[in-house]
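# Reading the structure
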Amino acid sequence: MGELIRLFDWRTHPLGPPESWPQSLRSALSICLYSSFPTAIYWGPDFRLLYNDAWSVIPGERHPWALGRPAKEVWSDIWHVVGPQFENVVATGEGFSTYDEMLPMVRGGSQQETYWNYSISPIRGEDGEVAGIFNQGNETTLIVLARRSAQQEIARLSLMFEQAPGATAILRGPRHVFEIANPAYLQLVGRDDILGKSVDQALPEVASQGFIELLDNVYQSGVPYAGRAIPVVLDRNGISEQRHLDFVFQPISDGAGDRYGIFVQATDVTETIRAVAALRESEERYQAIVNSIDQMIWSTLPDGYHDYYNDRWYEYTGVPKGSTDGEAWNGMFHPDDQERAWKVWRHSLATGEPYHIEYRLRHRSGEYRWVIGRAQCIRNEAGEIIRWYGTCTDLHDLKMAEEARQLLMQELNHRVKNLFSLFSAMVSMTGRSTNTTAEMSAALNQRLQALSRAHDLVRIGGADSVPAHSVLLIHLAEQILAPHLSASQHGKVSLTGPEIVLGEKSATAMALILHELATNAIKYGALGHADGKVMIGWEFAGDVLVLTWSESNVSAAIAKPTSTGFGSRLIKSAVEGQLGGKVDIVWKPSGAQVRLQLSRARLRD
């Protein structure tokens with residue numbers, strides 16, 4: 001077509017020679033000729049025709065005669081249809097498109113029914129006015145005829161649909177017009193005047209429920225859609241009802257492979273849904289009850305197979321749901337309690353006697369906490385066990401409170417005994433190092449004051465306790481050791497190490513540890529001898545503080561204690577429990593050698 005246009009004699013033509021054509025026409029023609037889609041240009045008041053190779057087959061035998069001729073002359077057979085469309089585009093400056101437009105076109109000397117998809121768009125000239133029309137389109141005659149054939153086939157199949165027990169319908173075209181609806185479908189929607197109407201016209205109540213969008217998507221994408229128990233409100237016989245439907249939207253193509261419509265099949269499952277909802281409501285009430293209490297609830301089959309735990313069990317243990325079914329529950333117990341718990345449980349399974357036991361259960365934090373387990377069996381009319389129902393109740397805090405109470409009583413007793421021993425030692429040491437009663441009174445008073453300050457750091461916590469302040473480790477050690485030393489004995493203790501700030505909890509624990517070590521050193525170790533010495537040093541090894549207490553004495557050998565006293569147990573409890581570390585105590589003839597490894601993070605507490 002580019003060659004035909006170049007060879008065309010434009011000198012006497014109303015459009016004139018191409019070199020005189022306005023830039024708007026030349027640009028539009030360039031786009032037209034290089035397009036692979038059927039494209040034509042109608043220029044000027046007579047709509048003179050220019051077109052590309054892809055469009056040249058559209059006029060048929062009128063090509064190439066149609067080149068440069070007025071549109072009304074070329075399309076005299078269909079001008080009554082396209083002429084007003086062209087004029088409207090020029091008048092309004094707005095484009096126009098149509099699909100499957102029927103044009104009674106003359107071909108081979110006879111008028112034929114043809115169908116087209118085409119668009120016409122304005123081309124503006126240099127003055128901004130519409131100077132021409134840009135036209136693109138393609139013939140859809142075969143597609144439309146194939147669709148018509150499919151419609152005829154559908155008409156034949158409609159008799160089959162009439163007899164189908166399920167609700168079925170066929171929707172035609174992008175507007176989803178009811179072409180067929182069997183009696184079951186009409187009964188479902190509660191009306192019989194829907195044929196020939198689009199879905200939004202026939203069933204306006206479904207338009208706002210998202211079904212039109214679903215139909216649009218199926219029609220455009222060609223992908224079926226299946227809905228299960230979908231709630232839909234229908235105006236059935238003048239009454240608004242909510243029904244639940246299983247349905248399928250299946251796209252239908254015509255003989256040419258183009259989308260024709262959508263096949264609809266629906267089943268009313270409302271009664272089934274109501275029955276399921278009632279069952280679910282009953283189950284939800286049960287779950288609400290068993291999950292609203294603090295106890296962990298579980299259930300087993302008659303043979304003891306665990307198949308149910310309430311939410312509290314999983315919240316407490318932190319294990320994935322189902323991971324403790326069967327016999328796996330026993331693995332949640334402390335290793336020392338597993339065999340004992342199994343023995344009691346097997347006895348209950350064998351005899352039907354109630355299950356009752358205290359054991360340590362692994363908490364989600366990783367620690368083992370004390371719980372009390374109880375279970376009762378349920379029997380049928382024949383007296384056979386059909387199920388076990390049980391609970392677990394956390395009583396860890398109660399047991400720990402009892403243990404703490406016992407420890408507190410022992411500590412008080414131990415503390416009082418140590419104070420008496422310490423007072424006795426202070427009086428003896430002060431008496432040996434002073435010459436007058438007044439001098440002895442003053443020295444003893446100073447030591448008692450130092451002891452009082454140290455005692456504040458190792459006080460037993462309670463509701464009325466005054467919170468301790470953060471202190472430096474070296475200052476803490478000096479205060480704790482001061483009551484044990486006379487003025488002339490301060491050289492018997494050396495303190496070396498970097499500056500370390502202790503938090504409230506760790507300061508109290510450290511004061512207690514140093515107090516116990518100092519008391520033991522006076523009662524049994526190096527500080528009870530004239531030449532005895534204690535070297536205290538500390539340093540960091542990564543995230544661990546290593547503190548050493550080393551006693552030396554050359555005048556007399558120090559015997560290793562024959563048993564572990566409460567003081568040693570108290571030190572171990574403070575180090576491992578409060579400071580997250582470990583303690584090693586070695587007794588040598590020169591005195592105790594103690595090595596503490598403490599968590600750096602805990603020291604800030």
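Residues numbered from 1 in each chain as written. Predicted model: local features only at pLDDT ≥ 70, side-chain atom pairs only at ≥ 80, totals over all residues. Heavy atoms only, no water.

### Description of the pairing of strand E8 (residues 225-236)
Applicable threshold: The rule for pairing is simple: two strands pair if DSSP sees at least two bridges between them. To qualify as a helix, a DSSP run of H or I must reach at least 4 residues; to qualify as a strand, a run of E must reach at least 2; elements of each kind are numbered from the N terminus.
Where E8 meets strand E9 (residues 239-253), 10 bridges bridge the pair, whose relative direction is antiparallel. If you follow Ile230 over to E9, its bridge partner there is Leu245. Linking E8 to E9, which pair antiparallel, is a turn of 2 residues; within it Asn237 sits at a positive phi near 55°.

### Section: the side chain of Arg369
Defined as follows: The rule is simple: take the accessible area with a 1.4 Å probe, protein chains only, and divide by the maximum for that residue type; under 20% is buried, over 50% is exposed, in between is partly exposed. Polar contact is defined as a pair of N or O atoms within 3.5 Å, subject to the rule that within protein one atom must be able to donate a hydrogen and the other to accept it, and that residues adjacent in sequence are counted only when both atoms are side-chain atoms. By definition in these notes, contact holds between two residues if any of their heavy atoms fall within 4.5 Å.
Take Arg369: it is sitting in strand E14 (residues 368-379). For Arg369, a relative accessible area of 13% puts it in the buried group. Within the local environment of Arg369, its side chain forms a polar contact with the side chain of Asp397, the two groups lying 3.1 Å apart. Setting aside residues no more than four positions away along its own chain, Arg369 makes contact with Tyr316, Tyr359, Arg360, Leu361, His363, Asp394, His396 and Asp397.

### Description of the sheet that holds E8
Paired through their backbone hydrogen bonds, the strands of a sheet run either parallel or antiparallel. Rule in force here: Note on geometry: axes are lines fitted to C-alpha atoms, helical ones only across the stretch in contact, with angles between N-to-C directions running from 0 to 180 degrees.
The antiparallel open sheet is built from 5 strands, whose spatial order is E7-E6-E10-E9-E8. Single-partner strands in this sheet number two, and they are strand E7 (177-181) and E8. Averaged over neighbouring strand pairs, the angle between their axes works out to 35° when direction is ignored. Relative to strand E10 (residues 259-268), strand E6 (residues 167-172) runs antiparallel, the two sharing 6 bridges.

### What about helix H2 (residues 23-34)?
Which entries qualify depends on this criterion: Helix span, as expected, comes to 1.5 Å for every residue beyond the first. In this context, the arc is that of the directions from the helix axis out to the C-beta atoms.
The terminal C-alpha atoms of H2 lie 17 Å apart, and with 12 residues this matches the ideal 16 Å at 1.5 Å per residue to within 8%. Ser24, Leu25, Ala28, Leu29 and Cys32 are the residues of H2 that are buried. Buried residues of H2, viewed axially, fall in a sector of 125°; they line one side. Looking at H2, the residues exposed on the side facing more than 90 degrees away from the buried face are Ile31 and Tyr34.

### Quick look at the side chain of His176
Tracing the backbone shows His176 in the loop between E6 and E7. A relative accessible area of 2% places His176 in the buried class. A distance of 3.3 Å separates a polar atom in the side chain of His176 from the backbone oxygen of Pro174. Polar side-chain contacts of His176 include one of 2.6 Å to the side chain of Asp216. Ignoring any residue separated from it by four or fewer positions in sequence, one finds His176 in contact with Leu171, Lys197, Ser198, Val199, Ile212, Leu215, Asp216, Tyr219 and Ile262.

### Examining unusual backbone geometry
With an omega of 0°, the peptide bond between His63 and Pro64 qualifies as cis. With respect to the helices and strands, Pro64 occurs in the loop between strand E2 (48-51) and helix H3 (71-74). Positive phi, normally seen in glycine, also occurs at Phe47, with a value near 55°. Its place among the elements puts Phe47 in the loop between strand E1 (39-43) and E2. What makes Phe47 buried here is its relative accessible area of 5%. Here the phi dihedral of Asp100 falls at roughly 50°; this positive angle occurs in a residue that is not glycine. Residue classification places Asp100 among the partly exposed residues on the basis of a relative accessible area of 28%.

### A word on the pairing of strand E22 (residues 591-599)
Most of E22 is tucked away, with 7 of its 9 residues classed as buried. Sheet analysis places strand E20 (residues 544-552) next to E22, joined by 7 bridges and oriented antiparallel. Residue pairing in the sheet places Leu545 in a bridge with Leu598 of E22. Looking at chain direction, strand E21 (residues 582-588) and E22 are connected through 7 bridges and run antiparallel. Directly across from Trp587, in E22, lies its bridge partner Ala592. Hairpin connection from E21 to E22: 2 residues lie between these consecutive antiparallel strands.

### Brief notes about the sheet that holds strand E4 (residues 110-124)
Spatially, E2-E1-E5-E4-E3 is the arrangement adopted by the 5 strands of the open sheet, whose pairing is antiparallel. Strands with a single pairing partner mark the edges of an open sheet, and in this sheet they are E2 and strand E3 (96-107). Ignoring which end each strand starts from, the neighbouring axes of this sheet average 35° apart. By the bridge criterion, 4 bridges tie E1 to E2 in an arrangement that is antiparallel. The residue bridging Ala40 from the neighbouring strand is Tyr51, located in E2. In the packing of H2 onto the sheet, contacts are made with E1, E2, E4 and strand E5 (130-139), and the angle to E1 comes to roughly 160°.

### Description of the environment of Gly196
Tracing the backbone shows Gly196 in the loop between helix H6 (183-189) and helix H7 (199-202). Under the relative-accessibility criterion, Gly196 is labelled exposed at 57%. Taking the C-alpha atoms as reference points, Gly196 and Arg172, 24 residues apart in sequence, are found 9.3 Å from one another. What Gly196 contacts, discounting residues up to four positions off in sequence, is Val177 and Phe178.

### Some remarks on the pattern of salt bridges
The test is simple: Whenever a carboxyl oxygen of Asp or Glu lies within 4 Å of a side-chain nitrogen of Lys or Arg, that contact is scored as a salt bridge.
The tally for this structure, following the rule as stated, stands at 25 salt bridges. A salt bridge links Glu113 to Arg148, with the shortest nitrogen-to-oxygen separation between them at 2.7 Å. Pair noted here: Glu113 is in strand E4 and Arg148 is in helix H5 (residues 141-163), with a separation of 35 residues, a long-range link. Among the residues examined, Glu113 registers a relative accessible area of 39% and is labelled partly exposed. Residue Arg148 is classed as partly exposed on the basis of its relative accessible area of 31%. Several salt bridges share partner residues, and in doing so they unite Arg236, Glu241, Arg243 and Asp268 into one network.

### Examining the environment of Leu472
Mapped onto the secondary structure, Leu472 falls in strand E16 (residues 471-472). Leu472 sits 28 residues away from Ile500 along the chain, and the two C-alpha atoms are 5.5 Å apart. Among all residues touching Leu472, those that are not within four sequence positions of it are Glu499, Ile500 and Val501.

### Considerations on the nonpolar core
To be explicit about the condition: In this text, buried Ala, Val, Leu, Ile, Met, Phe, Trp, Tyr and Cys residues form a nonpolar core when linked through side-chain atoms within 4.5 Å.
Grouped together as the largest cluster of nonpolar side chains are 38 residues, with contacts concentrated most on Ile41, Tyr42, Trp75 and Phe86. Where this core is concerned, the elements lending two or more residues are H2, E1, E2, H3, helix H4 (79-92), E3, E4 and E5. With 5 residues, H4 is the single largest residue contributor to this core. With sequence-adjacent residues up to four places away left out, Tyr42 is seen in contact with Phe47, Arg48, Leu49, Trp55, Ala71, Trp75, Phe86, Gly132, Ile133 and Asn135.

In short, geometric facts, not functional conclusions.
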